[in-house]
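Here's the letter readout for the chains.
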Amino acid sequence: MSRLLPYPVLTFGLVLIWLILTRFSLGHLLLGTCVAILASWAMGALQPDRPSLRRATAIPGLVGIVAWDILRSNAAVAWLILSGGRGGARRSGFLRIPLRLRHPAALAVLAIIVTATPGTAWLEYDPETGVLLLHVFDLVDEGDWLDLIQNRYEARLLEIFE
Amino acid sequence: MSGTILAFALGFAQIALALAGALAGLRILRGPRAQDRVLGLDTFYITAMLLFIVTGMRSGSLFFFEAAMVIGFMGFVATVGLAKFLIRGEVIE
Amino acid sequence: MSHLDSVPLWVAIPVALLIVLGSGLTLLGTIGLVRLPSFYDRLHAPTLGTSWGTLGIVLASAILFTWLEKRLVIHELLIGLFVMITTPVTLMLLGRAALHRDRIEGLDAAPPPAGAPDNPDEQLP
């Protein structure tokens, strides 16, 4: 089983995507399954260590929080652009954040969250020191942003992945 | 009634996205540095992709979806390639 | 426009709102792209279009075509997923390229490399 399907979740997801992109039929189900199994073998050749989820039940909560935060910061950045940065009072800046996360998959998810949220941009991560360099669009209080990344996202990712 | 609402919303979206593409094009032309131009190009690809989806909704045909997907993939590959070039290409100078 | 008239009002209104929201946010993002003063500021502008800008239009399209075709049409959502995953890659690469180029040219807009001993709370105007 594990030799035939090294990544069952990935394989299932690929079959699902294949069926969404085409219309459901038996032929497409078979073809999609073949493609998905081949792709998961290719994946196995690329990446020997598989990400292990420790608590998958925390994922929906994280997704909800992130979707809400993205909507909120969309409104905030849109308003800042419309109002010309509160009449020139907006100040952007760089921010270094020490991270406890080390798991590559968890870091990738954090990168997606940070970049997808308007207002924060992921610039550089140093794997030796674990320090992340962010650029923040509206840097009112550094403590707020540290708190947001470390307590709101990182703590949940630590719970899920490590 | 609902046709009027949708036609109005889709017309607004087409004008807004065309304008957005023009603004991204302005950033490509103006620069001032290479990374600004690449960022403009990436934004231009995204707006073009969204414009295709909106046009597909307006014409009621599903075929625009494939075009949008191809534009999205091409935009991704182009931007990644150009960004890599900006990192690597300048080291030699 | 005959196919648009067959849509009932309770589907048309949310679809129209999502379309206007998505295209409006994308337009605002590009306005920011043109108006903001520095590259690192401009790096934030396109994310308006790639987050809820794309999501709004893609959701509207999925709802509309699901109604028009009388079957579940959600392949537009894959575009949303795809944009969601690829945008961080492109923007991170662009951000790193800009940092790299600024550091090579010695512009003081760029912070020093992470290994350099500096004040961790450092920030630049």
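The residue count restarts for each chain, going from 1 along the sequence in the order it is written. Chains carry letters and ligands carry numbers; both start at the beginning, A for chains and 1 for ligands, and go up in the order they are written. Confidence filtering applies because this is a predicted model: local features only for residues at pLDDT of at least 70, side-chain atom pairs given and counted only at 80 or more, and all residues used for totals across whole chains, interfaces and linings. Heavy atoms throughout the structure, all of them, feed into the side-chain values; hydrogens and water do not.

A. Structural context of the overall build of chain B. Secondary structure elements follow DSSP: runs of H or I of four or more residues count as helices, runs of E of two or more count as strands, with numbering from the N terminus. Counting its secondary structure elements, chain B contains three helices and zero strands. Each helix and strand of chain B, placed in order from N terminus to C terminus, yields the pattern α-α-α. Each residue is assigned to one of three classes by its accessible area relative to the maximum for its type, calculated with a 1.4 Å probe on protein chains only: buried under 20%, partly exposed between the two thresholds, exposed over 50%. Every one of the 93 residues in chain B was classed for burial, and the buried ones make up 47%. We call two residues in contact whenever any of their non-hydrogen atoms come within 4.5 Å of each other. Here the contacts in chain B between residues at least 6 apart in sequence split such that 53% fall between residues at least 24 apart. Only the protein chains shown count as cover for residues, and all accessible areas are computed by the Shrake-Rupley method using a 1.4 Å probe. Of the accessible surface of chain B, which amounts to about 4,300 Å², a share of 77% is contributed by carbon and sulfur atoms.

B. View of the pattern of salt bridges. Residues and elements named next belong to chain A. Should a side-chain nitrogen of Lys or Arg be within 4 Å of a carboxyl oxygen of Asp or Glu, the pair is scored as a salt bridge. Counting across every chain of the model gives three salt bridges over all chains. Where Arg72 meets Asp69, a salt bridge forms, and the shortest distance between an N and an O atom there is 3.5 Å. In this pair, Arg72 and Asp69 both sit in helix H3 (residues 59-82), three residues apart, roughly one turn of the helix. Asp69 is paired through a salt bridge with Arg152; the nearest N and O atoms lie 2.8 Å apart. Residue Asp69 is located in helix H3, and its partner Arg152 is located in helix H6 (residues 142-161); the two are separated by 83 residues in the primary sequence. Judged by its relative accessible area of 2%, Asp69 falls in the buried class.

C. Inspection of the interface of chain B and chain C at higher detail. Counting from both sides, the interface comprises 58 residues of chain B and, opposite them, 60 residues of chain C. Buried area adds together the accessible area that both of two parts lose upon being put together, with accessible area traced by a 1.4 Å probe. Here chain B packs against chain C, burying approximately 4,900 Å² in sum over the two surfaces, 79% of which is carbon and sulfur. Taken together, the connections running from chain B to chain C amount to one salt bridge. Here a polar contact is taken to be a pair of N or O atoms separated by no more than 3.5 Å, where protein atoms must pair a possible hydrogen donor with a possible acceptor and residues adjacent in sequence count only if both atoms sit in side chains. Here chain B is connected to chain C by three residue pairs in polar contact (both at pLDDT 80 or more). Of all the secondary-structure elements, those providing two or more residues to the side of chain B that touches chain C are helix H1 (2-30), helix H2 (34-59) and helix H3 (63-89) of chain B. With 19 residues, the single largest contributor to the side of chain B that touches chain C is H1(B). Its residues assigned to classes, the side of chain B that touches chain C comprises 36 nonpolar, 14 polar and eight charged. Three categories are distinguished: nonpolar for Ala, Val, Leu, Ile, Met, Phe, Trp, Tyr, Cys and Pro, charged for Asp, Glu, Lys and Arg, and polar for the others, with Gly belonging to the last.

D. Just the sheet that holds strand S1 (residues 93-98) of chain A, in detail. Residue and element names in this part refer to chain A. Reading across the sheet, the three strands line up as S1-S3-S2 and stay open at both edges, with antiparallel pairing between neighbours. The outermost strands of the open sheet, each flanked by one partner alone, are S1 and strand S2 (120-126). Across this sheet, the average inter-strand angle for adjacent strands is 25 degrees, counted without regard to direction. Strand pairing is defined by DSSP finding a minimum of two bridges between the two strands. As defined by bridge partners, S2 adjoins strand S3 (residues 131-136) across six bridges and the pair is classed as antiparallel. Each axis is a line fitted through C-alpha atoms, and for a helix only the stretch in contact is used; angles between axes span 0 to 180 degrees, taken between their N-to-C directions.

E. Here's a closer look at the side chain of C:Asp41. The topology assignment puts C:Asp41 in helix H3 (residues 39-42). Owing to a relative accessible area of 4%, C:Asp41 belongs among the buried residues under this scheme. What C:Asp41 contacts, discounting residues up to four positions off in sequence, is A:Arg90, A:Ser92, A:His135, A:Phe137 and C:Leu36.

F. Spatial organisation of the confidence of the model for chain A. Confidence of the predictor at the level of single residues is captured by pLDDT, which takes values from 0 to 100. Here chain A averages 79 in pLDDT, while 90% of its residues score no lower than 70. Looking at the elements of chain A, mean pLDDT is at its lowest for helix H4 (residues 84-88) of chain A, recorded as 68, and at its highest for H3(A), recorded as 84.

G. Up close: the layout of surface pockets. Residue and element names in this part refer to chain A. A pocket here means an open set of points on a 1 Å grid, computed over the protein atoms alone, that has protein on both sides within 12 Å along at least five of seven lines. A cavity is instead a set of points where a 1.4 Å probe fits but cannot get out; residues with an atom within 4 Å of a point line either one. Grid points are joined across faces, edges and corners, and a volume is the space filled by probe spheres set on the points. Taken as a whole, the second largest pocket encloses approximately 330 Å³ of empty space. Lining the second largest pocket are 16 residues, with Arg72, Ser73, Ala76, Trp145 and Leu148 positioned closest to its centre. Of the residues forming the lining of the second largest pocket, the biggest block, six residues, is contributed by H3. Residue composition of the lining of the second largest pocket, by class: eight nonpolar, four polar and four charged.

H. Region of the structure containing the environment of B:Gln35. Of note, B:Gln35 is situated in helix H2. Beyond its immediate chain neighbours, meaning those up to four positions away, B:Gln35 contacts B:Leu86, C:Phe39, C:Leu94, C:Ala98, C:Arg101 and C:Asp102.

I. Region of interest: the interface of chain C and chain A. If you look at the interface, chain C gives 41 residues, while chain A gives 37 residues. Taking both sides of the interface into account, the surface hidden between chain C and chain A amounts to around 3,400 Å²; carbon and sulfur atoms contribute 65%. At the surface where chain C touches chain A, the tally comes to three residue pairs in polar contact (both at pLDDT 80 or more). Elements supplying a minimum of two residues to the side of chain C that touches chain A: helix H2 (9-35), H3, helix H4 (46-69) and helix H5 (75-105) of chain C.

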